[in-house]
Amino acid sequence: MLTNPNRKLLLRLGQLGALGTLFLLGVFDVNESMHAGSVLALFQVAAAIAAAAVWLPGHQQGSETLPKVAVLLGVGSLLLTAVISAVYSSNDNRASGLWGLAESLALLGVLFVVARRGKPAWSVAAVTVVGAAVSFITLRGGWDPAYVIFGLIQALAGTGAIGLGVYLRTIESSRQRAVDAVRAEQRAEFARDLHDFIAHHVTGIVVQAQGAKFIAEQDPQRVLLALEQIEQAGAETMASMRRMVGVLRDPSSKPDAPLAPVAGVPELGLLTEQFTAAGGPLARLHLDGDAGDLPVEVSTSAYRVVMEALTNIRQHASAARVADVWVRRTPDWLLVRIANDGQPPKPAMPRERPGYGLVGLTERVRAVGGRITAGPGIEGGWVVDAAFPLDGKLGA
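Residues numbered from 1 in each chain as written. Predicted model: local features only at pLDDT ≥ 70, side-chain atom pairs only at ≥ 80, totals over all residues. Heavy atoms only, no water.

1. A look at the pairing of strand E2 (residues 322-329)
- Sheet topology note: the strand E1 (residues 282-288)/E2 ladder contains seven bridges and is parallel. Along E2, the bridge assignment pairs Asp288 with Arg328.
- Of the pairings in the sheet, the one linking E2 to strand E3 (residues 333-340) comprises seven bridges and is antiparallel in character. In the sheet register, Asp324 faces E3, and the bridge partner there is Ala339.
- Here E2 folds back onto E3 in antiparallel fashion, the turn holding three residues. (Pairing = 2+ DSSP bridges. Helix = DSSP H or I, 4+ residues; strand = E, 2+ residues; numbered from the N terminus.)

2. Some thoughts on helix H8 (residues 268-277)
- Considered for burial, the residues of H8 that qualify are Leu268, Leu271, Thr272 and Phe275. Angular distribution of buried residues about the axis of H8 spans 95°; they occupy a single face of the element. Opposite the packed face of H8, turned more than 90 degrees from it, sit the exposed residues Glu273 and Ala277.
- On its buried face, H8 sits against E1, helix H9 (296-316) and E2. (Buried < 20%, exposed > 50% of the residue type's maximum accessible area, 1.4 Å probe, protein only. Arc of directions from axis to C-beta. Contact = heavy atoms within 4.5 Å.)

3. Some details on the confidence of the model for the protein chain
- Taken residue by residue, the protein chain gives an average pLDDT of 75. The fraction at 70 or more is 68%.
- Across residues 249-261 the pLDDT falls below 50, and counting only partners more than four positions away or on other chains, this stretch makes 14 contacts in the model.
- Under a pLDDT of 50 for its full length, residues 348-356 has, in the predicted model, five contacts with residues more than four places off or in other chains. (pLDDT = per-residue confidence, 0-100.)

4. Comments concerning the sheet that holds strand E5 (residues 382-389)
- Strand order in the open sheet made by the five strands is E1-E2-E3-E5-E4, with mixed pairing throughout. Of all strands in the sheet, those with a lone pairing partner are E1 and strand E4 (371-376), marking the two edges. Here the strands of the sheet are splayed against their neighbours by 10° on average, with no regard to which way each runs.
- Across the sheet, H8 is in contact with E1 and E2; its angle to E1 comes to roughly 165°.
- Against the sheet, H9 contacts E2, E3, E4 and E5, and its axis sits at roughly 10° relative to E3. (Axes fitted to C-alpha atoms, helices over the stretch in contact; angles between N-to-C directions.)

5. With respect to the environment of Val69
- Counting through the fold element by element, Val69 comes out in helix H3 (residues 65-91).
- Overall, Val69 belongs to the partly exposed group, its relative accessible area being 34%.
- With 41 residues separating them along the chain, Val69 and Val110 place their C-alpha atoms 9.9 Å apart.

6. Observations concerning the pattern of salt bridges
- Tallied over the full model, the rule gives nine salt bridges.
- Salt-bridge contacts for Arg284 lead to Asp324; the nearest nitrogen and oxygen are separated by 2.7 Å. Linking Arg284 in strand E1 with Asp324 in strand E2, this pair joins segments that are 40 residues apart in sequence.
- Given the relative accessible area of 37%, Arg284 is considered partly exposed.
- For Asp385, the salt bridge is made with Arg337, and the minimal N-O distance between the two is 2.6 Å. (Salt bridge = Lys/Arg side-chain N within 4 Å of Asp/Glu carboxyl O.)

7. Details of the environment of Gly370
- Position of Gly370 among the secondary structure elements: in the loop between helix H10 (357-367) and E4.
- Take Gly370: its relative accessible area is 11%, and that puts it in the buried class.
- With 36 residues separating them along the chain, Gly370 and Leu334 place their C-alpha atoms 9.3 Å apart.
- If we skip the residues at most four places from it in the chain, Gly370 touches Val365, Ala387, Phe388 and Pro389.

8. As for the nonpolar core
- One finds Val305, Leu310, Leu334, Ile338 and Phe388 to be the most contacted residues of the largest nonpolar core, which totals 32 residues.
- Residue assignment for this core shows that the elements contributing at least two residues are H8, H9, E2, E3, H10 and E5.
- Here this core gets eight residues from one element, more than from any other, and that element is H9.
- Apart from the residues lying within four places of it in its own chain, the contact partners of Leu310 are Leu271, Thr272, Phe275, Ala323, Val325 and Ile338.
- Membership of the second largest hydrophobic core comes to 26 residues, among which are Ala52, Val54, Leu107 and Val113. (Core = buried A, V, L, I, M, F, W, Y, C linked by side-chain atoms within 4.5 Å.)

Below, the structure is given as structure tokens:
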């Protein structure tokens, strides 16, 4: 399973390999041109460097600058082709291989990057111009059938580069839509949990207020106690309401859920018992610290992390015998760890449906200012770690 640092490392290695190949081809181009007594290959190498400077940096998806620069690059390459063809046509001195192999490869890279990252409106014009430059560049060597065939081959290579770029763009777009849907669903679910909690406490406040009104004349001391309880419940409810407003991204979304108790850390014992009773690995819960008065959004999020992790163990760690759940409370943090003794899950095949459970959990944990990681354990198995701050600050 490739992590973001590994992806970046592979990308940099691929770029270094491409640059090395361009360097070797540029040396070959210059060597061939010098044998032919021409310095025009220096312009071709300069064009190759300019093309490499286009696809080498990272570009944001939907970049408008990228295809515009690619259009200018393609026009420049076509003009250079026209000049070189005219020079050798007038001198009747054509050199084999003089069309610029380094520039051809660099332009193919531009086609790929534009199809992958460019803004669609401009990318059509860019791939058309750059594709024409790649196809006609071999005519710098002459109009012999061999050069025409090489031109057709490079046109096919350009089509392949465009197709690969569009394919990867489509995959990323589909995955991003799925991730966005999961995040929206998770945050809406979180908001519904807070809605249930707020409704429960508001109902309790109303009941206590009615009771205080009833006993006001009979026992004033009990009224003071009821007022203190109402104040505490009201403060906690207002804090949760502020968090719910911060969590909701869609102002038009109005949670509509029945009043129900919210599952949190105190219910983890029952969750692990049900997990073991259902025929899964032995689930063992280890609690360290008082978990009875945790903020509701922290408690429910910790419960969901454990529930999702146990579900993944059942689905992907068939050889696991034990699943340990550690929950530790410190003055500032609630720490949760779920680990099993099975084998780490195998990476999904490209055609398999990717799982978005961790994406949803990450969104939920970040919403309360926490963080979550998942990966192979030092002694085997799979480990999920989550940390929730207890200062009430929401994540970005």
